[in-house]
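# Analysis of the macromolecular model
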Amino acid sequence: MSTALLKKAAFAKEASREYQRQNILATAWKIKELRRQINLMECFQVENKDHFDNASGQLEFVESFLSEDSLSEIRADHTSLLCAYQEDISGLAITDGEMDRLVERFSNEDHDGLDHLTGKLPDAGCAKEG
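Overview of the structure.

## A short note on the overall build of the protein
Each helix and strand counted, the protein has three helices and zero strands in total. The 130 residues of the protein split such that 22% are buried. Carbon and sulfur atoms provide 53% of the accessible area of the protein, an area that totals close to 9600 Å².

Below, the structure written as structure tokens:
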């Protein structure tokens, strides 16, 4: 395979990897949102259990203002997203491996413009904070 073709393959794989990373980031934030909603609703239930005298209708009415979904629906969404997140992480690991193999092909050749494809962060020259 020519160097030009390998570069194009590496750039295409980079776009795929970045898309995966962005999806993983968005999923992680959605998981955090759902965890916080679960925590909010559970705390609300505990704090207001006596106030509503276990009247589930009143509790459900007030909870509807906190979220469009019920607590059980939020928990189900959270579980589903955690599974999807793990699958996305696995997919990214595969893509990273493919990317590494492509970039290795350039290790002994001129690889101008491919340094950023290794997935490693550039050294910013910042000292570690202790």
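## As for helix 3 (residues 71-104)
Each α-helix winds once per 3.6 residues, and so residues spaced three or four apart point in a common direction. The end-to-end C-alpha distance of helix 3, which contains 34 residues, comes to 49 Å, matching closely the 50 Å that a straight helix rising 1.5 Å per residue would cover. Turning to helix 3, its buried residues number three or more, namely Leu 71, Ile 74, His 78, Gly 91, Leu 92, Thr 95, Gly 97, Met 99, Leu 102 and Val 103. Buried-residue contacts for helix 3 involve helix 1 (3-48).

## Topic: the pattern of salt bridges
Per the counting criterion, the structure on display carries five salt bridges. With its nearest N and O atoms 2.9 Å apart, the salt bridge here joins Glu 33 to Lys 30. Of this pair, Glu 33 and Lys 30 are both found in helix 1, three residues apart, which corresponds to roughly one turn of the helix. Judged by relative accessible area, which is 33%, Glu 33 ranks as partly exposed. Connected through shared salt-bridge partners, Arg 17, Arg 21 and Asp 96 make up one network.

## Concerning the packing of aromatic side chains
Scanning the model with the defined rule gives zero aromatic pairs in all. The positively charged end of Lys 32 is found above the aromatic ring belonging to Trp 29, 5.3 Å away from the centroid.

About the criteria used
Residues numbered from 1 in each chain as written. Predicted model: local features only at pLDDT ≥ 70, side-chain atom pairs only at ≥ 80, totals over all residues. Heavy atoms only, no water. Helix = DSSP H or I, 4+ residues; strand = E, 2+ residues; numbered from the N terminus. Buried < 20%, exposed > 50% of the residue type's maximum accessible area, 1.4 Å probe, protein only. Areas by Shrake-Rupley, 256 points an atom, 1.4 Å probe, with all protein chains shown as cover. Expected span 1.5 Å × (residues − 1). Contact = heavy atoms within 4.5 Å. Salt bridge = Lys/Arg side-chain N within 4 Å of Asp/Glu carboxyl O. Phe/Tyr/Trp six-rings, centres within 6.5 Å; stacked < 30°, edge-to-face > 60°. Lys NZ or Arg CZ within 6 Å of the ring centre and 35° of its normal.

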